[in-house]
Amino acid sequence: MKLTKLSTAVLAAATIFVLGACGNSNDKGTTKDDGKIVTEVKDDTTITFWHAMNGAQEEELTKVAKDFMKENPKIKVELQNQSSYPDLQAKINSTLPSPKDLPTITQAYPGWLWNASQDDMLVDLKPYMDDKTIGMDKENPIKPALLEGAQIDGVQYGVPFNKSTEMLFYNKDMLDKYGVKVPTTMEELKEASKTIYEKSGKKVVGVGFDSLNNYYVIGMKNKGEEFGKDTKITSDASKEIINYYAEGVKDGYFRIAGSDKYLSGPFANEQVAMFIGSIAGESFVAKDTEGKFVYDVAPRPEKINLQQGTDVYMFSNASNEERTAAYLFMKYLVSPEVQLDWAITTGYMPILDSVISSDDYQKAENTKIPAHLAATTEDLFTVPVAENSDAAYNEVRAIMENVLSNTGKNTDKIIEDSQAQLEDAWNQ
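Residues numbered from 1 in each chain as written. Predicted model: local features only at pLDDT ≥ 70, side-chain atom pairs only at ≥ 80, totals over all residues. Heavy atoms only, no water.

(A) Molecular detail of the pattern of salt bridges. Enumeration over the complete set of coordinates arrives at 18 salt bridges. Two residues, Arg 300 and Glu 302, come together in a salt bridge whose shortest N-O distance is 2.4 Å. Here the two residues Arg 300 and Glu 302 agree in accessibility, since each one is buried. Between Asp 379 and Lys 303 there is a salt bridge; the shortest N-O distance is 2.7 Å. Taken as a pair, Asp 379 in the loop between α17 (370-376) and β12 (380-381) and Lys 303 in the loop between β9 (295-299) and β10 (305-306) lie far apart in primary sequence, 76 residues in all. With a relative accessible area of 25%, Asp 379 lands in the partly exposed category. (Salt bridge = Lys/Arg side-chain N within 4 Å of Asp/Glu carboxyl O. Buried < 20%, exposed > 50% of the residue type's maximum accessible area, 1.4 Å probe, protein only. Helix = DSSP H or I, 4+ residues; strand = E, 2+ residues; numbered from the N terminus.)

Here it is as structure tokens:
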């Protein structure tokens, strides 16, 4: 077993875990991986699922679990809400030193589980997905980019769950008023924003981006550069991306979310004409703009887009029976019928192209996402998962915030001074 930066307590816990696995069963059943896959759950088996879904999302997840249990009476799914993403991540981190206390499966971003993957604490799902008896539906495959996004070091440890991507939300009435066409490139976005800002008497900002680290890594990817440990925030491509936004903020036609956190609020209040954000936020946009103006959506104005959101991962402490029961639930989550209902109810994207293109999804009411989702997900990428990639990704946001909040100062110097911060994040 390879060891990473998990504490000494993890070493002790892992040692106990291995010794126990080589001996008799514990209270959860045998955890020794003998390479055999149970293809039928014959005895009553309980699996636990840690998640951070709330509101309509949790209601839908609860419904999905109940429907699954009706079809699989031998399997009981216990949903355990951890309140929020930060709380879920903290709970996982604090429990990793005690593997027996981990759930069977958990919702997570892959970056959260880098150390766990290196310490053999996750189950490789590919043998289950390829199994002749209980394998995945080959006629309705998961979108390849999303499946790849649930890999860590090339191993299929997860399956996509609540996935989203970014789109351009725009005030159709306002664009019509100022004679602005929906931008399809970053240059057109800049010019459209300038036009709106000037024609509104500098009262309306043209556009803003909800996620600053998404903005940066997507920009880099579209310039042919992968975000990773070797990323130089001082490179010409990096400076061009940062300065594109900084110049707009300085001149007034771009803005950041700031304390609002999301731009859907200023958008609804007609303080900003357009914004780029997650499709999962459409329900808030629809509610807040109702009776005020007509909003619409369009593909993000760059060729390559980012897939984001969490996946579902299985911990290796589960017994063979629990592994199969959990895998069957994960397989159910990605089935076409569930994906259709999940997408329509929650606003997340279907992870199957067959559902995205289906008439039922395309004709879904109260959403404008389906008509443009195929185009905006044609070329998706994933931020590579590596040691400390999660911390480095968050550091990029802090750097961007610092630059965009200080456009009156020397931007190049702020960028130069930030390289050490980024390196420290990668090497912590």
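Still to come is the rest of the account.
(B) Molecular detail of the environment of Leu 113. Topologically, Leu 113 is positioned in the loop between β3 (105-108) and α4 (114-118). Separated by 200 residues in sequence, Leu 113 and Tyr 313 place their C-alpha atoms 8.9 Å apart. Once residues within four sequence positions are removed from consideration, Leu 113 is found in contact with Ile 92, Ala 108, Leu 122, Ile 152, Tyr 313 and Phe 315. (Contact = heavy atoms within 4.5 Å.)

(C) Broad picture of the nonpolar core. Of all hydrophobic cores here, the largest spans 61 residues; its most connected members are Ile 105, Phe 161, Val 312, Met 314, Tyr 327, Phe 329 and Leu 373. Take this core: its biggest share by element is eight residues, from helix α13 (residues 320-333). What Tyr 327 contacts, discounting residues up to four positions off in sequence, is Tyr 128, Met 129, Ile 134, Gly 135, Met 136 and Met 314. In terms of nonpolar packing, the next biggest core, distinct from the first, is built from 50 residues, Val 180, Leu 189, Tyr 216 and Ile 242 among them. (Core = buried A, V, L, I, M, F, W, Y, C linked by side-chain atoms within 4.5 Å.)

(D) Examining the sheet that holds β9 more closely. Spatially, the five strands line up as an open sheet ordered β7-β6-β8-β5-β9, and their pairing is mixed. Strand pairing shows two members of the sheet lacking a second neighbour, β7 (254-256) and β9, which therefore form its edges. Sheet twist, expressed as the average angle between the axes of neighbouring strands with direction ignored, equals 25°. Here five bridges tie strand β5 (residues 166-171) to β9, and the two strands are oriented antiparallel to one another. Bridging across to β9, Met 167 finds its partner in Pro 299. (Pairing = 2+ DSSP bridges. Axes fitted to C-alpha atoms, helices over the stretch in contact; angles between N-to-C directions.)

(E) Local environment of unusual backbone geometry. Located in the positive-phi region is Ser 83, a residue other than glycine, with phi close to 85°. Considering the arrangement of structural elements, one finds Ser 83 in the loop between β2 (75-81) and α3 (85-95). Of note, Glu 270 is a non-glycine position whose phi angle comes to about 60°, a positive value. Tracing the backbone through its elements, the reader meets Glu 270 in the loop between α11 (264-268) and β8 (272-278).

Purely geometric stuff here, so don't read any function into it on its own.
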